[in-house]
Amino acid sequence: MARILAVTNQKGGVGKTTTAVNLTACLAEIGQRVLLIDLDPQANATTGCGVVKSDALSTVYQILIGRSTMRGTSLRTEFGFDLMPANRELAGAEIDLINLGKREYRLRDALADIRGDYDFIVMDCPPALNLLTVNGLVAADTVMIPMQCEYYALEGLTDLVATLKKVRAKLNPVLEIEGLLRTMYDPRSTLTQQVSRELERHFGSKVYRTIVPRNVRLAEAPSYGKPVIAFDRGSKGAQAYLLLAQEVLDRYAGSAGRVTAALAGAGVEP
């Protein structure tokens, strides 16, 4: 059964979509069967995988309102993983879901039929606490929180943790924080280093060892419709996400030897 991982942060601009796309691509690169679900009406994860947004495109919106099935909607990308795309009509899901039964469980129930088809299902959630995000959190086993090491990010993290506790208490008792991922990291900044130490002090092993640096190639890759590993395999951004994929697999399956061998074959030092 697939492990379902929601990539979420109520604060925008922290590398959430970048993380969802590139983690998915790197998990696929090292042999995992992966589905990426774009739950954000901005559909940046969709375009970042080279899929053109179109009103005629069958999307996760049809899944949520019961007009389509997962297998009838997912697309196979050229990068070795499947994609459940989104487009701007997903913005209307908030209104449509209000009048539907079990509205918080629509995605969880739809995923039940395909969990056996994948090793990982990664969800890119919107930077807001709305019904789309709630559907993602209810469907998820664990949550990955990308965040920048800055003061406002710490404030936002406090609010997010409180939200996750409420969801766990009322809707999804198995939901856990998988880990906190430090993104856009600039080691030259004293504040960045201070916030990073605070995260490690308060959250301990919940903070991923992998740190994603500021990297021009990471910023450029979406404009070419590619994950960074397909855009510039040797870049620091690509290496960071390959190492993150290793760390995620180590936490889930204890498969360090197999993954380390795969990374060595890809030319990346763990």
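Please refer to the structure higher up on the page.
Presented here is a report on the structure given in the accompanying data block. From a predicted model like this one, the values you see are computed outputs, not experimental measurements. (Residues numbered from 1 in each chain as written. Predicted model: local features only at pLDDT ≥ 70, side-chain atom pairs only at ≥ 80, totals over all residues. Heavy atoms only, no water.)

Assigned secondary structure in the protein consists of 13 helices and eight strands. Here the C-alpha atoms of the protein give a radius of gyration of 17 Å, agreeing with the 18 Å that 2.2 N^0.38 yields for 270 residues. Projecting the C-alpha coordinates of the protein onto the three principal axes gives extents of approximately 50 × 40 × 35 Å. Across the 270 residues of the protein, 53% fall into the buried class. Intrachain contacts of the protein at a sequence separation of at least 6 include 77% that bridge at least 24 residues. Carbon and sulfur atoms provide 50% of the accessible area of the protein, an area that totals close to 11700 Å². (Helix = DSSP H or I, 4+ residues; strand = E, 2+ residues; numbered from the N terminus. Rg over C-alpha atoms; globule rule 2.2 N^0.38 Å. Buried < 20%, exposed > 50% of the residue type's maximum accessible area, 1.4 Å probe, protein only. Contact = heavy atoms within 4.5 Å. Areas by Shrake-Rupley, 256 points an atom, 1.4 Å probe, with all protein chains shown as cover.)

This part is about the side chain of Asn-135. The residue Asn-135 is located in helix 7 (residues 131-139) in this model. Using a relative accessible area of 0% as the deciding quantity, one classes Asn-135 as buried. A distance of 2.9 Å separates the side chain of Asn-135 from the backbone oxygen of Leu-131, its partner in a polar contact. Excluding its chain neighbours within four sequence positions, the residues that come into contact with Asn-135 are Leu-64, Leu-97, Arg-103, Glu-104, Tyr-105, Arg-106 and Leu-107. (Polar contact = N/O pair within 3.5 Å; in protein donor to acceptor, adjacent residues only side chain to side chain.)

Applying the stated rule across the entire model yields 19 salt bridges. Where Asp-40 meets Lys-16, a salt bridge forms, and the shortest distance between an N and an O atom there is 3.9 Å. Pair noted here: Asp-40 is in the loop between strand 2 (34-38) and helix 2 (44-48) and Lys-16 is in helix 1 (residues 16-29), with a separation of 24 residues, a long-range link. Summarising the burial analysis for this pair, Asp-40 and Lys-16 share the class buried. Glu-178 is the salt-bridge partner of Arg-251, the closest N and O atoms lying 3.9 Å from each other. On the criterion of sequence distance, the pair formed by Arg-251 in helix 12 (residues 236-253) and Glu-178 in strand 7 (residues 176-185) is long-range, its members being 73 residues apart. (Salt bridge = Lys/Arg side-chain N within 4 Å of Asp/Glu carboxyl O.)

Moving on to the environment of Leu-243. Examined against the element boundaries, Leu-243 turns out to sit in helix 12. Exposure remark for Leu-243: the relative accessible area of 23% places this residue in the partly exposed category. In this structure, the C-alpha to C-alpha distance between Leu-243 and Arg-209, residues 34 residues apart in sequence, is 9.2 Å.

This next bit is on helix 8 (residues 151-170). Look at helix 8: 30 Å from first C-alpha to last across 20 residues, which is about the 28 Å you get at 1.5 Å a residue. When helix 8 is considered as a whole, its buried residues turn out to be Ala-153, Gly-156, Leu-157, Leu-160, Val-161, Thr-163, Leu-164 and Val-167. Against the buried residues of helix 8 lie helix 7, strand 6 (142-147), strand 7 and helix 9 (190-203). (Expected span 1.5 Å × (residues − 1).)

Here we take up the pairing of strand 8 (residues 207-213). Successive side chains on a regular strand alternate, one facing one side of the sheet and the next facing the other. Two elements, strand 7 and strand 8, share three bridges in a ladder whose sense is parallel. Along strand 8, the bridge assignment pairs Leu-180 with Val-207. Handedness of the crossover joining strand 7 and strand 8 through helix 9: right-handed. (Pairing = 2+ DSSP bridges. Right-handed = clockwise from strand over helix to strand, strands pointing away.)

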